[in-house]
Amino acid sequence: YLRNIAHPMFIEYLDLDSLTRDVWSELATHHDIQDADLHIAELPPARGDMLLVRRVIDNLLSNALKYACPDRRLTIEITGESGNEMNAYFVRDNGVGFDMAYADKLFKPFQRLHHRDDFEGSGIGLNIVQRIVARHGGRVWAEGKPEAGATFYFTFG
């Protein structure tokens, strides 16, 4: 599902519950998720390009797995709310979190809030999320607190 994010989009109604469960199952083949709990609330449907939206969910869940605290069981919660013009979704975890003073760096390519030796990655995952969400007419933002987890919000029409 690695469609180039600049290619034409194929917009359709998406069942985000099902899509999220599929992504989680696929992540289980590459990550040890035995020490992680995923809670998916009933999510409102979204309109979007399935492959690109799948990539958003994959990047956000992968981030939660990557930034888990080693001394506690990882819990990830995915929730959504229907809006008049846009639906809003959020992915919340209880991982290492981040300092809000540096939140403006989160979605910039190759900007890292944690030391490269502590957490692997290329530094472009959240930038890709932002670009995909923007192509769908939405926006993405985050809140966090060191050692208290992070929440990533995004909207789709």
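Data block above holds the structure.
This report concerns the structure included in the present document. Since we're looking at a predicted model, the values are computed, not measured. (Residues numbered from 1 in each chain as written. Predicted model: local features only at pLDDT ≥ 70, side-chain atom pairs only at ≥ 80, totals over all residues. Heavy atoms only, no water.)

Quick notes on the pairing of strand β6 (residues 140-144)
To be explicit about the condition: Note on classification: 1.4 Å probe, protein chains only; a residue is buried when its accessible area is under 20% of the maximum for its type, exposed when over 50%, partly exposed between these limits. Numbering of helices and strands runs from the N terminus; a helix is a DSSP stretch of H or I covering at least four residues, while a strand is a stretch of E covering at least two. One bridge is not enough; two strands pair if DSSP finds at least two bridges between them.
Residues Val 140, Ala 142 and Gly 144 point to one face of β6 and are all buried, whereas Trp 141 and Glu 143, pointing to the other face, are not buried. Bridge analysis of β6 against strand β7 (residues 150-156) gives five bridges, and the strand direction is antiparallel. Opposite Val 140, over in β7, you have Phe 154 as the bridge partner. Connecting β6 to the antiparallel partner β7 that follows it, the hairpin turn spans five residues, and Glu 147 within it adopts a positive phi of roughly 65 degrees.

Considerations on the environment of Gly 138
For clarity, the cut-off: Contact criterion: two residues are considered in contact whenever any of their non-hydrogen atoms come within 4.5 Å of each other.
If you trace the backbone, Gly 138 turns up in the loop between α3 (125-135) and β6. A sequence separation of 52 residues divides Gly 138 from Met 86, and the C-alpha atoms of the two residues are 7.8 Å apart. If we skip the residues at most four places from it in the chain, Gly 138 touches Met 86, Val 133 and Thr 155.

Some details on empty space enclosed by the protein
Here is the rule: Here the term cavity refers to a set of points on a 1 Å grid, laid over the protein atoms alone, in which a 1.4 Å probe fits but cannot get out; the term pocket refers to an open set having protein on both sides within 12 Å along at least five of seven lines, with lining residues being those that place an atom within 4 Å of a point. Grid points are joined across faces, edges and corners, and a volume is the space filled by probe spheres set on the points. Residues are sorted three ways: Asp, Glu, Lys and Arg are charged, Ala, Val, Leu, Ile, Met, Phe, Trp, Tyr, Cys and Pro are nonpolar, and all the rest, Gly among them, are polar.
With the rule as written, the count across this model stands at one cavity of 30 Å³ or more. There is about 50 Å³ of room inside the largest cavity. Contributing to the lining of the largest cavity are Leu 16, Thr 20, Leu 43, Ile 57, Ile 78, Tyr 89, Val 91 and Phe 154. Only α1 (16-28) and β5 (87-93) provide two or more residues apiece to the lining of the largest cavity. Partitioned by chemical class, the residues of the lining of the largest cavity number seven nonpolar, one polar and no charged.

Some thoughts on α1
Stated formally: The span expected for a helix works out to 1.5 Å for each residue beyond the first. Throughout, the arc means the angular range of directions from the helix axis out to the C-beta atoms. Within 3.5 Å is the distance limit for a polar contact, defined as a pair of N or O atoms, with the added protein rule that one can donate a hydrogen and the other accept it, and that residues adjacent in sequence qualify only through two side-chain atoms.
An ideal rise of 1.5 Å per residue puts 18 Å on 13 residues; α1 measures up with 18 Å between its terminal C-alpha atoms. Residues of α1 that are buried include every one of Leu 16, Asp 17, Leu 19, Thr 20, Val 23, Trp 24 and Leu 27, and no others. Here the buried residues of α1 occupy an arc of 165 degrees about the axis, which is enough to place them on one side. Its buried side turned inward, α1 meets β1 (11-14), β2 (36-40), β3 (46-49), α2 (50-66), β4 (74-81) and β5. The backbone nitrogen of Asp 17 lies 3.1 Å from a side-chain oxygen of the residue at the head of α1, namely Asp 15.

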